Amino acid sequence: MSVSYPRLAARTARFTLGIPRDLTVSPDGSTVWFVRTADGVSRTGALWAHDVATGEERVLVDPATLLADGEQLSAAERARRERSREQGAGVVGYATDTAGRWASFALSGRAWAVELASGEVHELPAVDGGSDPRVDPTGRRVAYAADGALRVVDLPGNASGAGPADTALATPDTPTQVWGQAEFIAAEEMGRFRGFWWAPDGESLLVERYDDAPVATWHVADPEHPDRAPVEQRYPAAGTANSDVTLWHVTLDGRRTEVVWDHERFEYLASVTWTEHGAPVLQVLTRDQRTAEVLAVDVADGSTRTLRTLTDEAWVEVLSAPRYAAGGRLVSVEDVPGSDGTGSDGEEARQVVVDGTPVGPQGWQVRGIVSTHPDAVVVTASQEPTEVQVVRVGLDGSVEPLTSGQAVHGAAVGGGTTVVSRSALDTVGTTFTVHRDGSDDVSPLRVVAEPAPFDPAVTMVAVGTRQLRAAVLFPRDHVPGSRRLPVLMDPYGGPHAQRVLASARMFLEAQWLADQGFCVVVADGRGTPGRGKAWEREVLDSFATVTLDDQVDALAGVAERWPDDVDTSRVGITGWSYGGYLSALAVLARPDVFHAAVAGAPVTEWRLYDTCYTERYLGHPDEQPHVYDRNSLLPLAERLERPLMLIHGLADDNVVAAHTLRLSSALLAAGRAHTVLPLSGVTHMTPQEVVAENLKLLQVDFLRTHLDA
């Protein structure tokens, strides 16, 4: 019996298992290290090494040979993986020293290290339940977080006396204090998952300490098991107190010096870097995120000095962490005007900035920094928003694209070796090519992902006056002009996330949905990345109008282009998280356009979502209650006249189930029929194979029924 696409997608983590990830190139460029599962269905990652000269691969760390009783994760590690949306097991990340002699990693709540040349693996004498072990740059010690403390353990060969020593450098004074881990907001909304940073000489660290005492306690219950007590969680909802975050310089003998900045004004610690080219560099943000400062730290006394001050009337974008590069140059990515005041798409361009001076590339939107060099910075960047290229930006203003074509590219660079990843529209899959400077020879990294059961037939279009990027998919057996199909809009639609990219794998599920009898439209509206500062900031205070208007415009543009193939009298919409919010909003606010909706894990009341994300776009609820009211779904409940299915994981600690329950209560009070599908034990992710399969089948059946598909 064949396996259904939804089950296969869940089993393969959407066909990402078996693809190399977390690539690192050795300092001499001779070796590429990476994490990869054994095949396309195993979730257990192993650490591999690729020999650049020969193209041969060997496994360095195989969890199956190290764990006799299987993997066990601490609550802290499970929470960390939920924040990073990590669905893998085994080795899911690692850190190396500067010389490339050692790599450290976590496995089953314990700290491990591997000698990269020999492949000899050592379990370190660390306490159980640890997370994020990181070898110091000199390859002598490993620091890790455990039980709220920051600890350091010697690597083999660095110990004196009876054996390797394990020492607590910083321990919490209260039950709400945690050392060496990122607080909820940093991990969930600022992309910072680390809480400590080694000094280049390996003799000290910068360590975050956060205290959750000011943060309100919420309770996530398990209704399926009423005998179990609810899980207590500190959740900083919009308008309420955040964690108290401080940063400390900690030496190996336990001496601490607090790093000083204006904490009352700059509440968020967005990033920390510490390279051999200069002092540690921090980026801090005000609560309203309209001002950011880049600070250099004097570790001798904890004082800071301002290197850059960034302001924006909407919000300052948190981009690649500013860092010192060779020659003591400060490298950052910022939104700056081009020479004519504009950049790509007529907006300000996101460019590389060196010591406060933009060096380009003009006409591109920089996505992130790959590596820095004495004469250049390698970045990922876009001209066409649906494509991502790797570009070498010279400090003299020169621009050298290293990739091209309708695809999404990435890179890892080191020691004269560059590894380029490519995921394109013409075929499902990702390729990795290893290039050595001065040589025409290239070698691939092996990909062992499960083959997709079909190739999506994607048409990429730009529609409407705003040239909204959209992907349109019809059933693979559809004959143009033969019949008019119901339309299914499938957006995320919110800020800081992009669905319409030139990568076929991203549209496998959309193609499967289309094959159920729909024209599926995936559209990116205002607020999504890749189109400049003004485009992203259109959503300020206006989630409910701007993002919904763009979905309506995209639908109209598709209908105009395919008048004989789409039926705009039968339009459904489905999405998860912000896409869930947008789906429910669509049938509540625009029943003239949308005729049925499936809303998964929707934010229904923005006062229930977290501080950093919500206040960035909607301001503080005490200062702008009217903005929150007009972006909330609850006041719209009495307007529901279309079929609506609400789906929510009851263990979701990001968008808590109260969002769906409050909307359901408001709908019931207004006498509006609707469907609620609670998922017991499911978080904001739904990796469980059977749940994911049946969930998709139920959604499709609901949409087919109500759209007469």
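Let us look at the structure shown here. (Residues numbered from 1 in each chain as written. Predicted model: local features only at pLDDT ≥ 70, side-chain atom pairs only at ≥ 80, totals over all residues. Heavy atoms only, no water.)

## As for the overall build of the protein chain
1) Next: Each helix and strand counted, the protein chain has 12 helices and 44 strands in total.
2) Next: Taken along the three principal axes of its C-alpha coordinates, the protein chain extends 75 × 60 × 60 Å.
3) Next: Counting across all 709 residues of the protein chain, residues that qualify as buried make up 58%.
4) Next: Long-range pairs, those at least 24 residues apart, make up 58% of the contacts in the protein chain with a sequence separation of at least 6.
5) Next: Both charge centroids of the protein chain, one from 61 positive and one from 97 negative side chains, sit 2 Å from each other. (Helix = DSSP H or I, 4+ residues; strand = E, 2+ residues; numbered from the N terminus. Buried < 20%, exposed > 50% of the residue type's maximum accessible area, 1.4 Å probe, protein only. Contact = heavy atoms within 4.5 Å. Lys, Arg positive; Asp, Glu negative; His and termini not counted. Charge placed at Lys NZ, Arg CZ, Asp CG, Glu CD.)

## Digging into helix H8 (residues 578–589)
1) Next: Between its first and last C-alpha, H8 extends 16 Å over 12 residues, near the 16 Å set by a 1.5 Å rise per residue.
2) Next: Taking burial as the measure, the 12 residues of H8 include 12 buried ones, the bulk of the element. (Expected span 1.5 Å × (residues − 1).)

## Overview of the sheet that holds strand S11 (residues 141–146)
1) Next: The strand order across the open sheet built from four strands is S10-S11-S12-S13, with neighbouring strands paired in antiparallel fashion. Strands with a single pairing partner mark the edges of an open sheet, and in this sheet they are strand S10 (131–135) and strand S13 (166–170). Pairwise comparison of adjacent strand axes, ignoring direction, gives a mean angle of 25 degrees for this sheet.
2) Next: Relative to strand S12 (residues 149–154), S11 runs antiparallel, the two being bridged by six bridges. Bridge pairing in S12 links Ala145 to Leu150. (Pairing = 2+ DSSP bridges. Axes fitted to C-alpha atoms, helices over the stretch in contact; angles between N-to-C directions.)

## A short note on helix H5 (residues 508–515)
1) Next: H5 sits mainly inside the fold: seven of its eight residues count as buried.
2) Next: Of all the positions in H5, only Leu508, Glu509, Ala510, Gln511, Trp512, Leu513 and Ala514 are classed as buried.
3) Next: For H5, the elements touching its buried residues are helix H1 (5–11), strand S38 (468–473), strand S39 (485–489), strand S40 (519–524) and helix H12 (689–707).
4) Next: Positive backbone phi, approximately 115 degrees, marks Gly517, located one or two places after H5.

## Considering the sheet that holds strand S29 (residues 365–373)
1) Next: Read across the open sheet, the four strands follow the order S29-S30-S31-S32; overall the sheet is antiparallel. On the outer flanks of this sheet lie S29 and strand S32 (399–401), each paired with one strand and no other. The sheet shows a mean angle of 25 degrees between the axes of neighbouring strands, direction not considered.

## Considering the packing of aromatic side chains
1) Next: Counting across every chain of the model gives 21 aromatic pairs.
2) Next: With centroids separated by 5.5 Å and ring planes inclined at 50 degrees, the aromatic side chains of Phe543 and Tyr617 adopt a geometry described as tilted. One end of the pair, Phe543, is in helix H7 (residues 543–561); the other, Tyr617, is in helix H9 (residues 611–618), with 74 residues separating them in the sequence.
3) Next: Residue Phe543 is classed as buried on the basis of its relative accessible area, which comes to 0%.
4) Next: Through pairs of rings, three or more aromatic residues link up here, namely Trp315, Tyr492, Phe543, Tyr578, Tyr581, Trp606, Tyr609, Tyr613 and Tyr617.
5) Next: Its end group placed over the ring of Trp48, Arg36 keeps NZ or CZ at 4.2 Å from the ring centre.
6) Next: Sitting above the plane of the Trp535 ring, Arg531 keeps its charged end 3.8 Å from the centroid. (Phe/Tyr/Trp six-rings, centres within 6.5 Å; stacked < 30°, edge-to-face > 60°. Lys NZ or Arg CZ within 6 Å of the ring centre and 35° of its normal.)

## Things to note about the environment of Ser423
1) Next: Here Ser423 lies in strand S34 (residues 417–424).
2) Next: Taking the relative accessible area as the measure of exposure, Ser423 reaches 8% and is therefore buried.
3) Next: Sequence separation of Ser423 and Ala504 is 81 residues, and the distance between their C-alpha atoms is 7.4 Å.
4) Next: Among residues more than four places away in sequence, those in contact with Ser423 are Ala407, Val408, Gly429, Thr430, Ala502 and Ser503.
5) Next: Of note is the side chain of Ser423, whose polar atom sits 2.6 Å from the side chain of Ser503. (Polar contact = N/O pair within 3.5 Å; in protein donor to acceptor, adjacent residues only side chain to side chain.)

## With respect to the pattern of salt bridges
1) Next: This structure, assessed with the given rule, holds 36 salt bridges.
2) Next: Notably, a salt bridge pairs Arg151 with Asp166, separated by 2.6 Å at the nearest N-O pair. In this pair, Arg151 is assigned in strand S12 and Asp166 in strand S13, connecting sequence segments 15 residues apart.
3) Next: Overall, Asp166 belongs to the partly exposed group, its relative accessible area being 22%. (Salt bridge = Lys/Arg side-chain N within 4 Å of Asp/Glu carboxyl O.)

## Some thoughts on the packing of H7 against H8
1) Next: At a closest axis distance of 10 Å, the pairing of H7 and H8 adopts a crossing angle of 85 degrees. By the criterion of interaxial angle, the relationship of H7 to H8 is roughly perpendicular. Facing H7, whose interface residues are Phe543, Ala544, Thr547, Leu548 and Gln551, H8 presents Tyr578, Tyr581, Leu582, Leu585, Ala586 and Ala589.
2) Next: Taken together, the residues of the contact of H7 with H8 sort by class into nine nonpolar, two polar and no charged. (Parallel < 35°, antiparallel > 145°, perpendicular 65-115°, else oblique. Nonpolar A, V, L, I, M, F, W, Y, C, P; charged D, E, K, R; others polar.)

## Examining the pairing of strand S17 (residues 217–220)
1) Next: Residues Trp218 and Val220 point to one face of S17 and are all buried, whereas Thr217 and His219, pointing to the other face, are not buried.
2) Next: Sheet topology places S17 next to strand S18 (residues 231–234); four bridges connect them, and they run antiparallel. Looking across to S18, one finds that Trp218 is bridged to Gln233.

## Describing the environment of Glu623
1) Next: Counting through the fold element by element, Glu623 comes out in the loop between H9 and helix H10 (625–631).
2) Next: Given a relative accessible area of 65%, Glu623 falls into the exposed group.
3) Next: Put simply, Glu623 and Gly239 are 384 residues apart on the chain and 9.2 Å apart in space, counted from C-alpha to C-alpha.

## Some remarks on the pairing of S39
Each regular strand carries side chains that alternate between the two faces of the sheet.
1) Next: The element S39 is extensively covered by neighbouring structure, given that five of its five residues are classed as buried.
2) Next: By the bridge criterion, five bridges tie S39 to strand S41 (residues 566–576) in an arrangement that is parallel. Paired with Leu485 across the strands is Val566, a residue of S41.
3) Next: As paired strands, S39 and S40 are joined by three bridges and run parallel to one another. The residue of S40 that forms the bridge with Met489 is Val521.
4) Next: Note on the crossover from S39 through H5 to S40: the handedness is right-handed. (Right-handed = clockwise from strand over helix to strand, strands pointing away.)

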